[in-house]
Amino acid sequence: MKTFNDYINDKHTKLFEETGTFFAFSSEQFKEKSKPGVKYADCGSGMICPKENVDKLLEGLKQARIEAVQEDLEENGKEAIIKRELMNHECFYTND
């Protein structure tokens with residue numbers, strides 16, 4: 001069974017390419033990836049986006065999540081998703 005990340009990663013990658021979004025965790029990384037003359041916004045957690053594309057990025061992230069959830073539900077169903085997430089968080093270990 002695919003994980004939720006399998007449903008959303010490609011959507012995020014495409015969106016980041018379309019909006020010029022990248023991740024930088026230091027000034028050096030920012031200098032390497034930024035383009036001269038472009039004003040950037042810090043979107044949190046190291047995500048940097050040109051200011052002109054922030055609204056498109058935020059709406060795209062919201063839409064990607066909605067689509068990924070729908071695909072996951074259609075392919076796996078609610079019960080299987082719940083079980084997958086419980087297994088992922090090791091909820092069935094009792095240490096008996």
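Residues numbered from 1 in each chain as written. Predicted model: local features only at pLDDT ≥ 70, side-chain atom pairs only at ≥ 80, totals over all residues. Heavy atoms only, no water.

K.L.:
Hey, could you run me through the packing of helix α3 (residues 54-76) against helix α4 (residues 78-88) in this one?
P.N.:
Two quantities define a packed helix pair, namely the angle between the helix axes and the distance between the axes. Two elements in contact, α3 and α4, have axes whose closest approach is 7 Å; the angle formed by their N-to-C orientations is 105°. Taken together, the axis directions place α3 and α4 in an arrangement best described as roughly perpendicular. Along the contact surface, α3 presents Asp72, Leu73 and Asn76, while α4 presents Lys78, Ala80, Ile81 and Arg84. Grouping the constituent residues of the contact of α3 with α4 by class yields three nonpolar, one polar and three charged. (Axes fitted to C-alpha atoms, helices over the stretch in contact; angles between N-to-C directions. Helix = DSSP H or I, 4+ residues; strand = E, 2+ residues; numbered from the N terminus. Parallel < 35°, antiparallel > 145°, perpendicular 65-115°, else oblique. Contact = heavy atoms within 4.5 Å. Nonpolar A, V, L, I, M, F, W, Y, C, P; charged D, E, K, R; others polar.)

K.L.:
What exactly am I supposed to notice about the side chain of Thr19 here?
P.N.:
Here Thr19 lies in helix α1 (residues 4-19). Overall, the relative accessible area of 1% leaves Thr19 in the buried class. Among the polar contacts made by the side chain of Thr19, one reaches the side chain of Thr21 at a distance of 2.7 Å. (Buried < 20%, exposed > 50% of the residue type's maximum accessible area, 1.4 Å probe, protein only. Polar contact = N/O pair within 3.5 Å; in protein donor to acceptor, adjacent residues only side chain to side chain.)

K.L.:
Is there a simple way to explain the sheet that holds strand β2 (residues 40-42) in this structure?
P.N.:
Strand pairing within a sheet occurs via backbone hydrogen bonds; the two strands may be parallel or antiparallel. The three strands lie next to each other as β1-β3-β2, forming an open sheet whose pairing is antiparallel. With one partner strand each, in any of the chains shown, β1 (22-23) and β2 form the two edges of the open sheet. With three bridges connecting them, β2 and strand β3 (residues 47-50) associate as antiparallel partners. Residue pairing across strands places Asp42 opposite Ile48, the latter belonging to β3. (Pairing = 2+ DSSP bridges.)

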